[in-house]
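Spelled out from the first residue to the last, the chains are:
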Amino acid sequence: MNKLQDWKERLKKGHMLSVICVLLIIVVALGIVLYQKQREYRQASENSYNMAFYELVDYVENVETYLAKSLISSTSEHGAETLTNLWREANLAQSYLARLPIESQELENTEKFLNQVSDYSYSLSRKNIYNEDLTQEDLNNLKELHSYSVELENTLNQLSDDLNTGRFSWGELTKKGTVAFAQQVDNISKESFSNLEENFHEYSGLIYDGAFSEHLTNNEKRGLTGEDIEEDRAKQIAEDFVGKDNIKEISNLGFSENATIPVYDFSITNHENQTINLSIAKKGGHIVSMNANREVHSETISQEEADSKGKQFLEAKGFKNMKETYYLKQEGIVTINYASTQNDVVMYPDLIKVKVALDNGEVLGIETTGYLNNHIQRDISKISLTKEQAKKSLNQDLQIESEGLAVIPTQWQTEILCYEFKGKVEEREFLVYINAENGREEDILIITNTPNGTLTM
């Protein structure tokens, strides 16, 4: 009997040992597979980064080449072709730069440089398309951009050599982060990214009267006037804006220093236990936004009445000469865009959004970021064309319904004074903008009227 029991125990131990061995084999096999997969992934990432880097090098070389060609082009036709190619190559260079696993101030400045080359070349190509000769200032700017492109090309070529000789790998850079990258490029050559940083710092002072003029890229808040205020003063402004009689409780939500406009945030509870959130700019104490969370269950006022309510509200809060433009209705609330006007010229960059409840006309929200970013008194004297002359640039099939002057923003953060013509072609509504200084067709928007609002595309 004892022998039988001993034999059973040995079988159990042997069985357990087998199970343990099998498990160990599975774990080892899985480890090997995972290691191989990880190695394959690292190799694939390394290959991807290498491909992106070498593409970047090629496109930067092309940027330098087209900048050099643009300096000696003698005809507007060839100049337009060269500058269009330059615009394309700079865009592609930006695309591949963004794929590299590096976050550093040096690469941010490189990206900014390529971005400005792209936009500036595009703006100059438009000059050539309209058979305008480049000015000496244009050529000087291109020459300066070319000198920076040569430095960037040399630096990237040196970095390419070090990559080829194995002095570093992308895997090491991703592990060690930006500090390792900064240390690495310090050792590459005299024209390392660290040295290039100083050159790009000098470059940032380049100001030209074109698409990406530096004084505009600084994001100056032109409508944000006045001195900095403290939190207590911001709280008073918030209370006055809502009306102290309407406030049950007010709470400070803190200071948002990294916002586009640094603001003090407050939460107000009114006597109906509804929450109202406000943001007050530190500079000047301007209202940046206000939003009330009331639900609206019916629509009893018209769009015209809502427009009027919003305009009255803006005037009461100190925003004069505002004109309603486009609107959107959602869940019983209409959001209306108002643009400031100056001598009957509509200033589209100076937008304020107002939310109006369609049950009783109460203003539930306001957002003034566009206005605070852009609002100033503008020089609107540069009108070289009459309205009738501007009409000659329009498609003859456009049936004009309204016309006037407007300042419109561009994709490069500049502004253009235009004649604005609203009209129809085959029952489809359009807005056409003709440059009031030179007669160019600057933009065309399609107006879409829906039950919920008027939109443009």
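Everything below is about the structure printed above this text.
Residues numbered from 1 in each chain as written. Predicted model: local features only at pLDDT ≥ 70, side-chain atom pairs only at ≥ 80, totals over all residues. Heavy atoms only, no water.

A short note on the overall build of the chain
Then, in step 1: Across its full length, the chain carries 11 helices and 13 strands.
Then, in step 2: When burial is assessed residue by residue, the chain has 42% of its 457 residues classed as buried.
Then, in step 3: Long-range pairs, those at least 24 residues apart, make up 58% of the contacts in the chain with a sequence separation of at least 6.
Then, in step 4: Accessible area of the chain: about 25700 Å², with a carbon and sulfur share of 48%. (Helix = DSSP H or I, 4+ residues; strand = E, 2+ residues; numbered from the N terminus. Buried < 20%, exposed > 50% of the residue type's maximum accessible area, 1.4 Å probe, protein only. Contact = heavy atoms within 4.5 Å. Areas by Shrake-Rupley, 256 points an atom, 1.4 Å probe, with all protein chains shown as cover.)

Here's the deal with the packing of aromatic side chains
Then, in step 1: A full pass over the atoms with the stated rule returns nine aromatic pairs.
Then, in step 2: Note on Phe319 and Tyr371: the rings are 5.3 Å apart at their centroids and 90° apart in plane angle, and the pair reads as edge-to-face. With a gap of 52 residues between them, Phe319 in the loop between helix H9 (303–316) and strand S5 (322–330) and Tyr371 in helix H10 (residues 369–374) connect regions that are remote in the sequence.
Then, in step 3: When its relative accessible area of 10% is taken as the criterion, Tyr371 is described as buried.
Then, in step 4: Relative to Tyr433, the ring of Tyr348 has its centre 6.4 Å away and its plane inclined at 85°; by these criteria the two rings are edge-to-face. Here Tyr348, found in strand S7 (residues 345–357), pairs with Tyr433, found in strand S11 (residues 428–435); they are 85 residues apart in sequence, far enough to count as distant. For the pair Tyr348 and Tyr433, one class covers both residues: buried. (Phe/Tyr/Trp six-rings, centres within 6.5 Å; stacked < 30°, edge-to-face > 60°.)

Digging into the nonpolar core
Then, in step 1: Leu314 and Ile366 are the most contacted members of the largest nonpolar core, which totals 43 residues.
Then, in step 2: Ranked by residues supplied to this core, first place goes to helix H8 (residues 231–242) with five residues.
Then, in step 3: Residues in contact with Leu314, not counting those within four places in the same chain, are Phe319, Met322, Tyr338, Ile352, Val354 and Ile366.
Then, in step 4: By size, the runner-up hydrophobic cluster in this structure holds 28 residues, among which are Val60, Leu67, Leu124 and Leu142. (Core = buried A, V, L, I, M, F, W, Y, C linked by side-chain atoms within 4.5 Å.)

Examining the side chain of Thr82
Then, in step 1: Within the secondary structure, Thr82 is located in helix H2 (residues 76–97).
Then, in step 2: We classify Thr82 as buried; its relative accessible area is 3%.
Then, in step 3: Apart from residues lying up to four places away in sequence, Thr82 is in contact with Tyr66, Lys69 and Ser70.

Points about unusual backbone geometry
Then, in step 1: Phi at Glu331 is positive, roughly 50°, even though this residue is not glycine.
Then, in step 2: Secondary-structure assignment places Glu331 in the loop between S5 and strand S6 (333–342).
Then, in step 3: At Asn343, a position not held by glycine, the phi torsion is positive, near 55°.
Then, in step 4: Among the secondary structure elements, Asn343 is positioned in the loop between S6 and S7.
Then, in step 5: We classify Asn343 as exposed; its relative accessible area is 67%.

Here we look at the pairing of strand S12 (residues 441–450)
Then, in step 1: Where S11 meets S12, six bridges bridge the pair, whose relative direction is antiparallel. Residue pairing in the sheet places Tyr433 in a bridge with Asp443 of S12.
Then, in step 2: Both S12 and strand S13 (residues 453–456) contribute to a ladder of four bridges, which runs antiparallel. The residue of S13 that forms the bridge with Thr450 is Gly453.
Then, in step 3: Linkage of S12 to S13, two consecutive antiparallel strands, is achieved through a turn of two residues. (Pairing = 2+ DSSP bridges.)

Things to note about the pairing of S5
Then, in step 1: Note that S5 and S6 share seven bridges and pair antiparallel. Each residue of the ladder has a partner; that of Leu328, found in S6, is Thr335.
Then, in step 2: Counting the residues between successive antiparallel strands, the hairpin from S5 to S6 contains two residues, one of them, Glu331, with a positive phi of roughly 50°.
Then, in step 3: Taken together, the two bridges between S5 and S13 define a ladder with antiparallel strand orientation. If you follow Tyr327 over to S13, its bridge partner there is Thr454.

Description of the pattern of salt bridges
Then, in step 1: This structure, assessed with the given rule, holds 14 salt bridges.
Then, in step 2: Between Asp350 and Arg378 there is a salt bridge, and its shortest N-O distance comes to 2.8 Å. Separated by 28 residues along the polypeptide, Asp350 in strand S7 and Arg378 in the loop between H10 and helix H11 (387–391) bring together distant segments of the chain.
Then, in step 3: Linking Glu427 and Lys424 is a salt bridge whose minimum nitrogen-to-oxygen distance equals 3.8 Å.
Then, in step 4: Put simply, Arg222, Asp350, Arg378 and Glu415 are held in one network by salt bridges that share partners. (Salt bridge = Lys/Arg side-chain N within 4 Å of Asp/Glu carboxyl O.)

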